[in-house]
Amino acid sequence: MALRKCIYWNKVCPTCRVLLVSLNGPQITIHGKVKNARSGLQSYSTQANENNPSCETGYTVSKEDFKWVKRLLPPSKIPDPPKHAEYPTPSGWSPPLDPPPDLPYFVRRNKYHEFSVTVETKVGGGAFTHITKIEGDIWALNKDLARFLEPELKYDLATTVHEVNQRITVKGKFQDQVVKFLLLQGF
Amino acid sequence: MTESRFLNVVKKLPRVTLDNLKPNPGAVKRPANRRGHGNKGMYSQRPKRTMGQNLYNHFHERMPHYGFNRNEELKRQYLPLTLWNLQRLIDLGRINPDEPVDIAALANCRGLNFNTKDTNYYGIYLLEQGANIFQTRVNIEVQVANELAIATVEKQGGVITNTFFDRMSYLALTNPVKYFLKGDPIQKRLLPPEELVTYYTDPKVRGYLSDPAEVVKERQALADKYGYTLPDITKDSKFDMLMERKDPRQIFYGLSPGWIVNLADESVLKPDSDLYEEWAKM
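A few points on the structure. Every value quoted in this text rests on a predicted model; they were computed, and no experiment measured them.

Brief notes about the packing of helix α5 (residues 138–149) of chain A against helix α6 (residues 175–185) of chain A
Residue and element names in this part refer to chain A. Two elements in contact, α5 and α6, have axes whose closest approach is 11 Å; the angle formed by their N-to-C orientations is 115°. Relative to α6, the element α5 is oriented roughly perpendicular. Crossing handedness for the pair α5 and α6: right-handed. Here L141, D144, L145, F148 and L149 of α5 come into contact with α6, specifically with Q177, V178, F181, L184 and Q185.

Points about the sheet that holds strand β1 (residues 59–62) of chain A
Here we have three strands laid out as an open sheet, ordered β1(A)-β7(B)-β6(B), and antiparallel in their pairing. Two strands close off the open sheet at either side, each with one partner strand: β1 of chain A together with β6 (260–262) of chain B. The average angle at which neighbouring strand axes cross in this sheet is 25°, direction not considered. Two strands pair when backbone bridges link them, and β1(A) and strand β7 (residues 267–271) of chain B are joined in this way by four bridges, in the antiparallel orientation. The residue bridging S62(A) from the neighbouring strand is V268(B), located in β7(B).

What to know about the packing of aromatic side chains
Considering all chains together, one arrives at 12 aromatic pairs over all chains under this definition. Their ring planes at 65° and their centres at 6.4 Å tell us that Y87(A) and W93(A) sit as a pair that is edge-to-face. Overall, Y87(A) belongs to the partly exposed group, its relative accessible area being 37%. On the basis of an interplanar angle of 75° and a centroid distance of 5.7 Å, the ring pair of Y200(B) and Y208(B) is categorised as edge-to-face. Since its relative accessible area comes to 1%, Y200(B) is described here as buried. An aromatic cluster of at least three residues, connected via ring pairs, comprises Y122(B), F164(B), Y199(B), Y200(B) and Y208(B). We note K246(B) situated over the ring of Y253(B); from NZ or CZ to the ring centre the distance is 4.8 Å.

A closer look at the pairing of strand β3 (residues 117–121) of chain A
Residue and element names in this part refer to chain A. Where β3 lies against strand β4 (residues 127–131), five bridges are found, and the strand directions are antiparallel. Within β4, the position partnered with V119 by the bridge is T129. Linking β3 back to β4 in an antiparallel pair, the connection comprises five residues, with G125 at a positive phi of about 110°.

Parameters and conventions
Residues numbered from 1 in each chain as written. Chains lettered and ligands numbered in written order. Predicted model: local features only at pLDDT ≥ 70, side-chain atom pairs only at ≥ 80, totals over all residues. Heavy atoms only, no water. Axes fitted to C-alpha atoms, helices over the stretch in contact; angles between N-to-C directions. Helix = DSSP H or I, 4+ residues; strand = E, 2+ residues; numbered from the N terminus. Parallel < 35°, antiparallel > 145°, perpendicular 65-115°, else oblique. Left-handed = near helix turned anticlockwise from the far one by under 90°. Contact = heavy atoms within 4.5 Å. Pairing = 2+ DSSP bridges. Phe/Tyr/Trp six-rings, centres within 6.5 Å; stacked < 30°, edge-to-face > 60°. Buried < 20%, exposed > 50% of the residue type's maximum accessible area, 1.4 Å probe, protein only. Lys NZ or Arg CZ within 6 Å of the ring centre and 35° of its normal.

Structure, rendered in structure tokens:
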């Protein structure tokens, strides 16, 4: 009721102005006063410190309810994966071996702790599987990968090796099989 | 009327001038419409197109669309989220299963690329892929869910609710920090439109406006259909978390409409007047 009286006498104090915008009800109509209320938080927060008695509609500052807001704040960086009881996890993820396997090549993971194996699809129905973040002898990896994949196939595997960019491209969709191979190797 | 009044009328009538003159009806013939085919050259000699077509637009551009994807931009769209993808995010520690999962949790972990530019996106569609490997107990809140997806979440002792968010509260959830920095009071969530009321009051799909007593029956009915034993939630250590629900007028957990969040001082400003509670219920 105090708020209504405030409007009736055309004396809208800055704290009430913030409240009016949020109310937005049919019983309250203000002309021109609402537009200035958007920048009301600054005055609202200063009022909170001074505790101005002229404001008839009160408000309380609660630090306890900020725990609900803390849930909604995003983390500043990508979190490290937690330790599980057994590997692989239900979704088929497992951490890299420590120490790394004794092989002439190495495949790094990306910032999301996954292998950067992607599938590029073409309009005509063709597809290519790209493997990046390879280090060391890329030709040895190409040979081992073909040895792993070819028994399931009825044809020879078609791969291209890019030495400068350290990238292997396989013709066809082999994302699941390639990830399975890299996990078996222990990267 | 007297004669003088007649004369006054005649004086005021418009005179015959060049402005008023025009040819007799039928004296002048209008030229035929060229329909975009000019006066000279090849195009003027060509046959004219039929109704609805012209020289410049081809007929398939001119004619209306038909088929399954008609008016795709006007329809409500939902982002697909598979159970496999959700399990992977939990395995990597990007989603905390000890807290309820909603749009804000998925947006903060960058699990989904939420589309904020197109105006027809309204939330998440939970899909059944990965139902065979899903093993986590979660309290998840989505907009649309598959039947098998509902069954797999409940088989593990979890809870699922289908809720509606209007466009503005959806945008608030996709980036809560940006929303709080505006400095405005938290707005209230709108109720679903008329087409979706039947969906969200249905206990079979665990709608948030349905009767909770009937949801308990439907949970058991779905368990009988798929042949699994329903775990008892009341004895669970996570019971308090699993029973957390939002009010139909609430956007965020715990924060009611009308409050203002002050991120600098880490405090929440709550109004004392009773008008707010009345307004929030309206």
